[in-house]
Amino acid sequence: MGRSLICISNLMREDEILSALKRGARSTSDIQRITRAGKSCGRCLVIIDSLVEDYLAQLPNDPQKRIDFEI
Ligand code: FES
């Protein structure tokens with residue numbers, strides 16, 4: 001996790017996608033809109049879907065814990 005390249009077409013790394021999630025992205029289409037990931041050939045969309053799903057699964061329900069998690 002971290003600096004691995006996820007979107008080869010647009011040179012977007014995993015940490016850039018994680019950063020978008022921390023800033024409020026909640027779907028693959030949000031990631032596409034906020035970053036350039038997944039906006040060309042689409043081969044990375046499955047990986048982005050997985051990153052979004054994993055992130056949302058870890059997101060606490062408690063609003064205060066959520067703020068701490070997203071910082
Ligand atoms: S690898 Fe991400 S759009 Fe092509």
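Refer to the structure above for everything that follows.
Read on for a plain summary of the structure.

About the thresholds
Residues numbered from 1 in each chain as written. Predicted model: local features only at pLDDT ≥ 70, side-chain atom pairs only at ≥ 80, totals over all residues. Helix = DSSP H or I, 4+ residues; strand = E, 2+ residues; numbered from the N terminus. Axes fitted to C-alpha atoms, helices over the stretch in contact; angles between N-to-C directions. Parallel < 35°, antiparallel > 145°, perpendicular 65-115°, else oblique. Left-handed = near helix turned anticlockwise from the far one by under 90°. Contact = placed C-beta atoms within 7 Å. Nonpolar A, V, L, I, M, F, W, Y, C, P; charged D, E, K, R; others polar. Core = buried A, V, L, I, M, F, W, Y, C linked by C-beta atoms within 7 Å. Buried ≥ 20, exposed ≤ 12 C-beta atoms within 10 Å, placed from the backbone.

### Some points on the environment of Gly42
Move 1: You can see Gly42 is positioned in the loop between α2 (28-34) and α3 (45-58).
Move 2: Through-space distance from the C-alpha of Gly42 to that of Cys7 is 8.6 Å; in sequence the pair is 35 residues apart.

### Observations regarding the packing of helix α1 (residues 14-22) against α3
Move 1: Running from N to C, α1 and α3 point in directions that differ by 45°, and their axes come no closer than 11 Å. Here α3 runs oblique to α1, going by the angle between their axes. Relative to α3, the crossing made by α1 is right-handed. Listed contacts from α3 to Glu14, Ile17 and Leu21 of α1 are Ile48, Leu51, Val52 and Tyr55.
Move 2: The residue makeup of the contact of α1 with α3, split by class, is six nonpolar, no polar and one charged.

### So, the nonpolar core
Move 1: Residues Ile6, Ile17, Ile31, Ala37 and Ile48 are the most contacted members of the largest nonpolar core, which totals 13 residues.
Move 2: Within the residue set of this core, elements represented by two or more residues are β1 (5-7), α1 and α3.

### Considering unusual backbone geometry
Move 1: In this structure, Leu11 is a non-glycine residue whose phi angle is positive, near 50°.
Move 2: As for its position among the elements, Leu11 is in the loop between β1 and β2 (12-13).

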